[in-house]
Amino acid sequence: MTSTLIIEGLRVEVAGKEVLRGFDLLMRTGEVHVIMGPNGSGKSTLAHALTGHPGYKVLGGSVRIDDVELLTMSPSERARHGLLLAMQQPLEVAGVRPIDLLIAAGVDPTNLRQRMRDEAERVELRPEILDRFVNVDLSGGERKRAEMVQFGMLRPKFAVLDEIDSGLDVDALGAVARRLSLASNEWECGILVITHFKRLLQELTPTMIHVLSEGRVVATGGPELSEILERDGYEPFRVASA
Ligand SMILES: Nc1ncnc2c1ncn2[C@@H]1O[C@H](COP(=O)(O)OP(=O)(O)OP(=O)(O)O)[C@@H](O)[C@H]1O
Ligand SMILES: [Mg+2]
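Residues numbered from 1 in each chain as written. Chains lettered and ligands numbered in written order. Predicted model: local features only at pLDDT ≥ 70, side-chain atom pairs only at ≥ 80, totals over all residues. Heavy atoms only, no water.

**As for the packing of helix α4 (residues 112-122) against helix α5 (residues 140-154)**
Alright, step 1. Closest axis-to-axis distance for the α4/α5 pair is 9 Å, and the angle between their directions is 125 degrees. Between α4 and α5, the interaxial angle falls into the category oblique. In this structure, α4 meets α5 at a crossing whose hand is right-handed. In this structure, α4 uses L112, R115, M116, E119 and A120 to contact α5, whose residues at the interface are M148, V149, Q150, G152 and M153. (Axes fitted to C-alpha atoms, helices over the stretch in contact; angles between N-to-C directions. Helix = DSSP H or I, 4+ residues; strand = E, 2+ residues; numbered from the N terminus. Parallel < 35°, antiparallel > 145°, perpendicular 65-115°, else oblique. Left-handed = near helix turned anticlockwise from the far one by under 90°. Contact = heavy atoms within 4.5 Å.)

Structure below.
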């Protein structure tokens, strides 16, 4: 069954400043949406607000999956409703192993270790890494791959992945793009990736690309938009938003 994620008029304040100023997005399961935009335009603020991070104050708007409002829910309730966030800078959680997070989230425990190893193999992550505490002593690229293992195990309805490509070597980048692409077929995952580079999109064909500038979507288009951005930068879009 198709589900819909609707973000409407989302306004978010960070450290006394309104960073998201009326953000709108509509996507369905099985689609791949991309958010691109200059540094500081509010992309990670969107990801933090969607998780329910307490430092990001929602001033207005709505975030719904199939007409159920998420903004009033706790972060774990949002996850139970099918929303997964992979942060730009994954946090270290000393004393907690990836498997503990999965058990706490209610993932089917049958053959759990083996299924985790299979997911690790898909993104070329050494399986020993899964026995360490979450993100502790992991390289930048290993953290991103470990996030992908959680993604594959949790099978969210919608996943928001903030710069999942940053810090990945070129082989891992391809593996992650292929894993995401497969997920959009395997369980019709709705994928929202935040990225600066079109490289990730070579093996993950976007349904739509949205350009964020100063807290609002200023342009929406097909895959060709990433080519235009790479060629011309964000300057033409800044003019469009003025
Ligand atoms: N926790 C915070 N405390 C203070 N300011 C913040 C915080 N988080 C974000 N900001 C500010 O909000 C603005 C938007 O930041 P955000 O991280 O959303 O940008 P971004 O679009 O993700 O940029 P990048 O491409 O560099 O990742 C920036 O000016 C940033 O300095
Ligand atoms: Mg960011």
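**A few points about the sheet that holds strand β6 (residues 83-86)**
Alright, step 1. Sheet architecture is open: 6 strands sit in the order β6-β7-β8-β3-β9-β10, paired in mixed fashion. One side of each edge strand has no neighbouring strand; the edge strands of this open sheet are β6 and β10 (216-221). Averaged over all pairs of adjacent strands, the angle between their axes in this sheet comes to 20 degrees, without regard to strand direction.
Alright, step 2. Relative to β10, strand β9 (residues 208-213) is paired through 5 bridges, and the arrangement is antiparallel. Bridging across to β10, L212 finds its partner in V217.
Alright, step 3. Contacts from helix α1 (residues 43-51) reach β3 (32-36), β6, β7 (158-162), β8 (190-194) and β9 within the one sheet, and its direction differs from that of β6 by about 140 degrees. (Pairing = 2+ DSSP bridges.)

**Side note on the sheet that holds strand β2 (residues 17-28)**
Alright, step 1. The 4 strands lie next to each other as β2-β1-β4-β5, forming an open sheet whose pairing is antiparallel. Every interior strand has two partners, whereas the edge strands, β2 and β5 (68-69), have only one.
Alright, step 2. Where strand β1 (residues 4-14) lies against β2, 9 bridges are found, and the strand directions are antiparallel. Residue pairing in the sheet places L10 in a bridge with F23 of β2.
Alright, step 3. Along the sheet face, α1 touches β1, β2 and β4 (56-65) and points at about 110 degrees away from the line of β1.

**Here's the deal with the coordination of the magnesium ion (ligand 2)**
Alright, step 1. Within the protein, S44 (OG) and Q88 (OE1) serve as the donor atoms for the magnesium ion (ligand 2), at 2.0 to 2.1 Å. Taken together, the positions of S44 in helix α1 and Q88 in the loop between β6 and α3 (98-104) put the pair 44 residues apart, joining distant regions of the chain. (Donors = N, O, S within 2.8 Å, 3.2 Å for Na, K, Ca; no water.)

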